[in-house]
Every structure is written in structure tokens, then in C-alpha cells.
Amino acid sequence: MMLTIKNLHVEIEGKEIIRGLDLEIKAGEVHAIMGPNGTGKSTLANVIAGKEGIYKVTEGEIIYKGMNLLEMPVEVRAREGIFLGFQYPVEIPGVSITNFMRTAINEIRQYKGLEQISAGDFLKKMEKAKKLVEIQSKLTNRSVNEGFSGGEKKKNEIFQMAMLEPELAILDETDSGLDIDALKIVANGVNTLRSKDNAIIVITHYQRLLDYIVPDFVHVLFNGRIVKSGGKELALQLEEKGYDWLKEEAQP
Amino acid sequence: MMKTTTEMSSLKDTMLRLYEEHRSAIFGNDNDVMTGRRESAMASFRKTGFPHKKLENWRNTDISGIIDLPYHYYFRPTFKKGIDLKRIFQCNIPNLQTDMVSQLNGWYISENGPLKKERNGVIVGSLEAVRREFPDLIAKHYGRYARDEKNGFVALNNAFAQDGVFILVPDNVKVTAPIQLVNIIHHDRNIFVQNHNLIILGKNSSLQLVQCDDSIDQQRSLVNTVTEIFLDENASLDHYKLQNKNDQSALINAVFFHLEKDATLSTNAITLNGGLIRNDHDVKFAGENGKADIMGLYLVDKTQHADNQVFVDHTVPNCHSNELFKGILDDSARGVFNGHVLVRPGAQKTDARQNNKNILLTDKAVINTKPFLEIYADDVKCSHGASIGQMDEEAMFYLRARGIGVDNARLLLMYAFAAEVINYIKIEALKTRVDDMVKKRLRGELSICDQCVLHCSTMEKPVQFDIDMSKI
């Protein structure tokens, strides 16, 4: 098992957002987490990635590759293969994407006891990743996300995913703000990166993305709990019937 | 040797007394005009004395501890003729081809005589010698731009200064190699130094000037420097100040730029270290279509204090000024920014921008910032802004979520913050060097070197930065 979440409870400023969540993910699987606004989807993504500050885990555990994930600092989680595709990618003026990625790759390599990446290998890797999400060269010389359009920001997240080759990628509403062409490019990128060795969690409101990234499992998050799990057909059911029938089912 | 200590009475009283007692030394090569300027400056100092915290422009910079100290004051050079400067000091900027002009404790060091005349007509020399040889030039420019009625330090300098560097670039001459002015403070006692530089750029001329202030001792010296720079019509000056002084020293530094029609100025003050550093940047547009970029970067820690005061005087229409000052303050360091843009009546179509941004790394670090526009014309474009912040937590999380550790993430963000100012440096070798120094400074490695780092004679190792900032 790559990731095991057991009875997870998370509070934000004293308010319980995640209320006893269980989830198991194996290598090679793609899981979609759906649900209405404010049910804890992004909270879950941020807690797995290790965001500090407002999130307080009050109960439960997350085991990742046999390690207690909640005790690991953000950067160690990343070096161990966890990647969060941000819902709102952060603008960092003055730091070029090239430098950013080279620094990240080298820190990850150092952590694993590997030598620094050569300039040639880095360039090759970058060319490949750029092609994958169809981003232009001039973008990678610019500061991270600065002045990027919504679509460019999301493509840039998948570009980074391709550069860092994570074992567990969590894509937090990667589809929001994308037109259909950009959505196809992003989905195609994710599908190319999909392999038997890595797992992907796709967080989304809409079925639309799941037409392009076909999940193995679909989970519905409601009120801080997974109230229903199923195969890809569950997403279609949600598209047709909305969430209300599940809300009724979820009442104790 | 003629010297005196300033102990036993207030520094103001002492200076008033020294002025009377050493008139012959001070007035040595003066013509009447110059003597007149000294006398009026002294009258002004007698009235104002040293600045104090009740003055708006000195509210956040307390110099009482500095003027309470005893100093040695010299009316003759503190070293013998033929001193080999290279034994105590070497410029260490790889690939930087400059003509270096040095001052030791404020006195011009003449390697090839006190006055050098280049074939293209450029004159570089000691102010002391120029007073003798070109009294008319002195009469025309000296003390003309360094207004002293409001600033006691400038008044005192105008009254006392005996030496400094003089540069004249004739009309239509473009100087190719940058000229570097270095003022080194090196003495076994606390000294009070007052030097006065005068730079004249003729019509359609251009010059790159790098002004360095360094100390290579650990004395608590006080340096009060005034630099007057005259840019005639369509002249262009690219000016840098690099300040890397010991933690005990005090540097009071005022530069007055006078821009005639179509003149272009870019000035960039980079403060890397120093006990108390006060920079007054005074820019006056005297002719239309002038353009000035006024920039600064200060990286201070421990109990260091960096104060930048900018005064831009738009007296005529159609001039453009752009201020950008950025600071990173660590430990209990203090910073001050005071930007004052004055748009006088009739100075229409003025375009003036001001920006001051700061990062405070601790709760104890302090910045007092005051961007300030005073506008008496109705068709102008002016903007001002200031920001004070901690490290951006969202950006930190973003970098760390990609595997970058806390230290490097902080460094990357601080460097990115500083780079905006560094990127304005047009002399490539200087930019590379400053870039290295800023990285070192941000890593906390600069203070390891007690001596000056910019030009120290101890060879340092090349800077290895974990994060390779070079562009591939």
C-alpha cells in the first residue's frame, strides 16, 4: 500500500473540516475525489502535502510508504515523492522557473544520495516536459507564475510534475479555470505521466476532467467524510443526479 | 603632524574651535570664492549644529552616540608620500577594468602626481591640487550643489573639506572604462574624516562611476563625505555606491546630482555592511527632459543602521524620476527610507515614481519608511508605495512542496527580492561581483571576513552557492 489514511480528523481554527476519513491508495491507481464546495477536498490535499499553519490534525494517521507522513516536514514529503498540484499556484517574482526546478531537482537528488544533475540532462528533461504540456520556452525563463494566465499556471504545475516525477501526485482542482483545449493538454500530460509505479489523486468538482483522466476509483467527499466510493461510473451518476441524493444517504 | 583630538567638549564646539585655530591649513589653496563658501557654510553650521532627532529628516537616525565619541582630526594627510596602497588594499573584482582613484582616510593618493590629464581631455586628480590649478572651475561648481542650509553635516563638510577627488569629463567625451573611487579608512585610532568630491560631466559626455566606501580596521571612525556631481546638457552618468564598512563605523554620505537639459542619471547605492550608514541622495532637475533612476539595496543585520534619504527636485517640466529602494533587515537592524519628491509649480508632465520594499526577518528588526510626494503642478504622473513584510509564507510553502529545504527556500526568496535592484547594474563584472556578495551576505558569510570583502587583500575563495543562480 502506498498511502493509508485512517480515521483522519482535521480542524481549521477550531472547526472540524475532516471528520474521520479513511482512504487507501496503491501504486498504479488513479483516484478521483469529488464533492461539493467546502467539504474538505483541498484541506485533505494540503494536509497530505504538509501545509502548516491553519491545519490541525486532531486524530488519525497517514502512512506513506510505511512512514508516518504527519511527522515529516513539507520538503521531505516532496523528496519522498509527494507532489501537490496547486489549486492556486503561487507567483514568485525574481525566481525563474529554470532555477526553481534545478534547485528542486538537485535537493531531491542530494536527499537520495545522488549527484547533481548535469546541465545537459537537465535541459533534455526540461525540453521533454515543456513539450508534454505544450508550454513555450520563453515561459520557463520567466519568474515562477508571474503574470501567467490561469491556463499557463495550471500547465506549469503539470510541467513541474513531469520534471519531478513524483510517486504520489495530488492534483487539486487542476481543471478549474481551463478552457477545453487547455484541459485536454493538461489531461494528456497527466495520462502520459501515469504509470504502474505512481499513483494520482485527482480532486475536482466536475465530471468533465474525468472524461480525459479516467480514474480507477471515485470517492465522494461530503461533510469531511467519504460517503461513497465506486468506479468511474460513479462520476457519471453524480453528473446526472448531482450530490443531493448522497447527502440524504449520508444522514445518520 | 598637525592633528588634534576632539575630546573634552562637544563635537560642535570642538569643530568651531578647530576652524578658527586651523584657518591657514584649511584655507590653504583657496581662492576668494571658495573661502567665501567656507565662511557661509560655517555660519550655517554654527546655527544648525549637528542634526538631532527633532529634525524630520533625522527623526529615526540617532547620531548622538556618534558625535559623543572622541575623534582625531587631521589637517594633513595621515600617511607619507609614496605610500604603497597595494600593501594594505587591493581591488578584487575579477574582470573589472577600472581606473582606480583612491583616497586613504579622505586624502587623495597620488601615484602619478596629484593631477592626471588624459589625452581625451579627462582630468582626474586631487581636489586639493585642482583648487590651485583650476580656480575658475572650482569657483563655478564647488559648493554650488551641496546645499548646506538644512544639513549640519554638509555644512561642516563644505567648511572643512580640504581634499577629495576631482573628475572632469570634457564636452562630447565618452569615457570607456569605469572610474572607481575608493575611500579606505585605515588608522589605529578613531578618526573623523571629511572629504569632498567634485565630478563634472560636460555636454554630451558619459561616464560610469563606482564609488566604494570601505574600512579595513575595526576603529569607530566617522566619515562625512560630500560628493557633488554636475551633469551638463545631454550628459549621461551611471553611478554606483558600494558600502562595506565595519560594524562600528559611521558613514554620513551625501551625493548631490545636478542635471541640466536632457541629462540621464542612474545611481544605485548598495549597502552590504556598516555600523551606521546614512545616504542622502539629492537629485535636482535644472533642465527639461532629464531622467533619473535612483536605486538602493540595503542588507543589514545585528545592530546595523542604514538610512536612505532621497530628495528629488523637479524644478522644470518633462522630467522623469524613478526611485526603487529595497531592504532586508535581520536581527535588531534598523532601516530608514525617506523619499521626498518635490514637483515645483510649472513642472508639468513630471513623471515621478517612488517605491520602497522591505523584508523584516525578525520581530526586532525595524524599518521606518516614508515615501512622500509634494506636488505643486497639476499635469503630472506621480506614484509612491512602500511595503514591509515578512517572508511570504505561501511562497515558502510552494518552494518547500517541491523539495527545497527551508534554508534554501528562504535564500531563494531573499535573493529574488534583492535581484530586482542588482539587475539594474550595467557593468557586467560589477554585477557578477555584487551578485556573489549579496548571496554571501544572505548566507551570513560576509561577516566572517572582518576586513572589507569587496576589495580586501586577503584572497577569498570563490563563492559556492548551493543554488546555482546562473541561467542555463
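Residues numbered from 1 in each chain as written. Chains lettered and ligands numbered in written order. Predicted model: local features only at pLDDT ≥ 70, side-chain atom pairs only at ≥ 80, totals over all residues. Heavy atoms only, no water.

Asker: How would you sum up the pattern of salt bridges? Please name residues and give values.
Answerer: All names here are of chain B. This model, assessed by the stated rule, comprises 39 salt bridges over all chains. A salt bridge links Arg38 to Asp30, with the shortest nitrogen-to-oxygen separation between them at 2.7 Å. This pair shows no difference in class: Arg38 is buried, exactly as Asp30 is. In the salt-bridge network here, residues are joined through shared partners; they are Glu20, Arg23, Glu39 and Arg46. (Salt bridge = Lys/Arg side-chain N within 4 Å of Asp/Glu carboxyl O. Buried < 20%, exposed > 50% of the residue type's maximum accessible area, 1.4 Å probe, protein only.)

Asker: Now, about the sheet that holds strand S12 (residues 225–230) of chain A: what can you tell me, with residues and values included?
Answerer: All names here are of chain A. Read from one edge of the open sheet, six strands run S6-S9-S10-S3-S11-S12, paired in mixed fashion. Each edge of the open sheet is held by one strand with a lone partner, namely strand S6 (82–85) and S12. The mean angle between the axes of side-by-side strands here comes to 20°, regardless of whether they run parallel or antiparallel. One ladder, built from five bridges, connects strand S3 (residues 30–34) with strand S10 (residues 199–204); its direction is parallel. Counterpart to Ile33 in the pairing with S10 is Ile203. Contacting S3, S6, strand S9 (168–172), S10 and strand S11 (217–222), helix H1 (residues 41–49) runs over the sheet at an angle of about 145° to S6. Contacts between helix H6 (residues 150–164) and the sheet are confined to S6, S9 and S10, with S6 contributing the most and set at about 170° to the helix. (Pairing = 2+ DSSP bridges. Helix = DSSP H or I, 4+ residues; strand = E, 2+ residues; numbered from the N terminus. Axes fitted to C-alpha atoms, helices over the stretch in contact; angles between N-to-C directions. Contact = heavy atoms within 4.5 Å.)

Asker: Explain the interface of chain B and chain A to me, using residue names and the numbers behind them.
Answerer: Facing the 21 residues of chain B at the interface are 35 residues of chain A. In total, about 2,500 Å² of surface goes out of reach between chain B and chain A, with carbon and sulfur atoms giving 63% of it. Connecting chain B to chain A are four salt bridges. Residue Arg400 of chain B is joined to Glu52 of chain A by a salt bridge in which the shortest nitrogen-to-oxygen separation is 3.5 Å. Applying the counting criterion to the chain B and chain A interface returns eleven residue pairs in polar contact (both at pLDDT 80 or more). Among the secondary structure elements, those contributing two or more residues to the side of chain B that touches chain A are helix H8 (393–400) and helix H9 (406–422) of chain B. Here the element with the most residues in the side of chain B that touches chain A is H8 of chain B; it accounts for six residues. Tallied by class, residues from the side of chain B that touches chain A come to 13 nonpolar, four polar and four charged. (Buried area = accessible area lost by both parts, 1.4 Å probe. Polar contact = N/O pair within 3.5 Å; in protein donor to acceptor, adjacent residues only side chain to side chain. Nonpolar A, V, L, I, M, F, W, Y, C, P; charged D, E, K, R; others polar.)

Asker: Summarise the environment of Ser249 of chain B; cite the residues concerned and give the values.
Answerer: Positionally, Ser249 of chain B belongs in the loop between strand S12 (236–244) and strand S13 (250–259). Sequence separation between Ser249 of chain B and Gln219 of chain B is 30 residues, and the spatial gap between their C-alpha atoms is 6.8 Å.

Asker: Just give me the short version of the packing of H6 of chain A against helix H7 (residues 180–193) of chain A, but keep the residues and values in it.
Answerer: Residues and elements named next belong to chain A. Where H6 contacts H7, the axes come no closer than 10 Å and their chain directions differ by 15°. Comparing the axis directions of H6 and H7 gives the class roughly parallel. At the point where H6 passes H7, the crossing takes the left-handed sense. Contacts between H6 and H7 pair Lys155, Ile158, Met161 and Ala162 from the former with Ile185, Val186, Gly189, Val190 and Leu193 from the latter. Here the contact of H6 with H7 is built from residues that sort into seven nonpolar, one polar and one charged. (Parallel < 35°, antiparallel > 145°, perpendicular 65-115°, else oblique. Left-handed = near helix turned anticlockwise from the far one by under 90°.)

Asker: Describe the side chain of Asn268 of chain B, with residues and values.
Answerer: Looking at the secondary structure, you find Asn268 of chain B in strand S14 (residues 264–273). When near neighbours in sequence (up to four residues on either side) are disregarded, Asn268 of chain B contacts His239, Tyr240, Lys241, Met295, Gly296, Val421, Tyr424 and Ile425 of chain B.

Asker: Break down H1 of chain A for me, with residues and values.
Answerer: Because an α-helix packs 3.6 residues into every turn, residues spaced three or four apart end up facing the same way. Of all the nine residues making up H1 of chain A, eight are buried; the element is thus mostly covered by neighbouring parts of the structure. Gly50 of chain A lies just past H1 of chain A and shows a positive phi near 105°.

Asker: Give me the state of the cysteines: which residues, what numbers.
Answerer: In total, this model carries zero disulfides over all chains according to the counting rule given. Lacking any disulfide linkage, Cys382 of chain B is separated from the closest cysteine sulfur, that of Cys319 of chain B, by 12 Å. (Disulfide = S-S within 2.5 Å.)

Asker: Explain the packing of aromatic side chains to me, using residue names and the numbers behind them.
Answerer: All names here are of chain B. One pass over the structure, following the stated rule, counts 15 aromatic pairs over all chains. The interplanar angle of 35° and the centroid separation of 5.8 Å between the aromatic rings of Trp58 and Phe153 together place this pair among those described as tilted. With Trp58 in the loop between helix H3 (32–48) and helix H4 (64–67) and Phe153 in helix H7 (residues 152–160), this residue pair connects regions lying 95 residues apart in the sequence. For the pair Trp58 and Phe153, one class covers both residues: buried. Here Lys326 stacks its cationic end above the ring of Phe417, 4.2 Å away from the centre of that ring. Above the face of the Tyr415 ring, Lys439 is positioned so that its terminal group lies 5.2 Å from the ring centre. (Phe/Tyr/Trp six-rings, centres within 6.5 Å; stacked < 30°, edge-to-face > 60°. Lys NZ or Arg CZ within 6 Å of the ring centre and 35° of its normal.)

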